[in-house]
Amino acid sequence: MHISNEYLYEEDKKNYLPTFKRFPLAFIKGKGTRLWDADGKEYIDMLAGIAVNNLGHCHPKVVSAIQAQAAELIHISNFFVSPPQVALSKLLVDLTHLKHVFLTNSGAESVEGAIKVARKYASKHNKGGEIISMVNSFHGRTLATIATGQKKYQQGFAPIPAGFSQVAFNDLEALKAVINDQTAAVILEPVQGEGGIIPANEQYLQGVRKLCDDNNVLLIFDEIQTGVGRTGKMFAKDHFNVQPDIMTLAKGLGGGMPVGAFLCNEKVGNAIDYGDHGTTFGGNPLASAAALATLKAILEEGLVERSLEKGEWIMKTVRSWASIHPMIKEVRGLGMMIGIQLDRPAAPIVKALLDDGIIVNGTAESVIRLVPPLNISDEDIEKVLGKLKSLIELTEKNEKSKI
Ligand SMILES: *Cc1c(COP(=O)(O)O)cnc(C)c1O
């Protein structure tokens, strides 16, 4: 049996629940920014597993940490501690300047935990348990996390958990109008990811912080996509000089291993009692070793700074095309979290780039999202920018000739 793209795509369709509209491509190997499909074609990966492979594919430091830990001890249970988990917890607390960490297996699980500790704090302070989130936000696909997010993800899943409401993002007055003594917490992404790469503005975030303080409401930052160097700081919160009470991480944290976390400050931690939360796998020795190696490599290799510098370069370059290419309406982002807002659906552009050996994705219908590995080389950036520019020129030229 020839293991081709087509064979694997067709076999998958027979068995996998049809929840993803997949491309007819199967990848079999990755190294750095490169991926190879089952037919042997090479790609530059500007999606990085959706902002996960911040070190590129199969970074040698992460591979050897996983190999060594797998040979030593893979899983125990959270009734006991292990050297990698102890070290990872300390590093995360040090890096975030928060007080406690809880390790999970995914983003949605991190948000679920964040909501639980926020509600526990509220109940201990005789407040309501309402959670306010932002229009256009994304916090995951579990029942509570779809309750925080876009209506399109809620269709068909009633009853949706109660106690969640949404307000407009980047609009302090809107939040002021709804925050009250039933509010336990406000949750937001410092840069909205799935919503189309929309950064918060600094005054807004500082205003939200003050509003929460004045009302004894907790502020949760969902840094699942923005964290771990992605935006050119270790965490996006550091761009805005705002410290949340609770913060979530996942995506880039494990260098590709499924690992997430939520962190909280001392006052939230004080509301938590033994037995309030749990997980079987969360932070097991293998996942913790991968996350520890990932964070260390990002720090050692100066990738946070690189993300800021190269991200600025990409955004500046694409912005400079906008004046002659009207299909580019806006370029938004922070560091290596970049959205190119088009005047049309992104899907045909995404498909054409894929045919040309470049993996990007479209989000919020008309936005091309670029979230490459933070260590992508200058040559690869130039290659991608060159191909993107040619494609945009060609698309506009073909359109003109049709008129
Ligand atoms: C991806 C994402 C999530 C969900 O993470 P999963 O690991 O898919 O559950 C939550 N919040 C944000 C901001 C994300 O980008």
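Residues numbered from 1 in each chain as written. Predicted model: local features only at pLDDT ≥ 70, side-chain atom pairs only at ≥ 80, totals over all residues. Heavy atoms only, no water.

(A) Just the site of the ligand, in detail. Residues in contact with the ligand, as listed here, are S106, G107, A108, F138, H139, G140, E189, D222, I224, Q225 and K251. A distance of 3.3 Å separates a nitrogen atom of the ligand from a polar backbone atom of F138. A distance of 2.7 Å separates a nitrogen atom of the ligand from a polar atom in the side chain of D222. Grouping the amino acids of the shell around the ligand by side-chain chemistry returns 3 nonpolar, 5 polar and 3 charged. (Near = heavy atom within 4 Å. Polar contact = N/O pair within 3.5 Å; in protein donor to acceptor, adjacent residues only side chain to side chain. Nonpolar A, V, L, I, M, F, W, Y, C, P; charged D, E, K, R; others polar.)

(B) Structural detail: the pattern of salt bridges. This model, assessed by the stated rule, comprises 25 salt bridges. Among the salt bridges present, the one from R369 reaches E194, with a minimum N-O distance of 2.8 Å. Residue R369 is located in strand β17 (residues 367-370), and its partner E194 is located in the loop between β8 (191-192) and β9 (198-199); the two are separated by 175 residues in the primary sequence. The same class applies to R369 as to E194, namely buried. (Salt bridge = Lys/Arg side-chain N within 4 Å of Asp/Glu carboxyl O. Helix = DSSP H or I, 4+ residues; strand = E, 2+ residues; numbered from the N terminus. Buried < 20%, exposed > 50% of the residue type's maximum accessible area, 1.4 Å probe, protein only.)

(C) Structural context of the domain arrangement of the protein. Looking at the protein, the domain boundaries give domain 1 (5-58 + 302-402) and domain 2 (60-300). Contacts between domain 1 and domain 2 engage 28 residues on the former and 33 residues on the latter. Summing both sides of the interface, domain 1 and domain 2 together bury roughly 2,400 Å²; the carbon and sulfur share of this comes to 63%. Summed over the three residues of domain 1 that lose the most area to domain 2, namely V304, L334 and M337, the buried surface amounts to 28% of that side. Counting every contact that joins domain 1 to domain 2 gives 1 salt bridge. At the boundary of domain 1 with domain 2, the tally comes to 18 residue pairs in polar contact (both at pLDDT 80 or more). (Domains from an automatic or database assignment. Contact = heavy atoms within 4.5 Å. Buried area = accessible area lost by both parts, 1.4 Å probe.)

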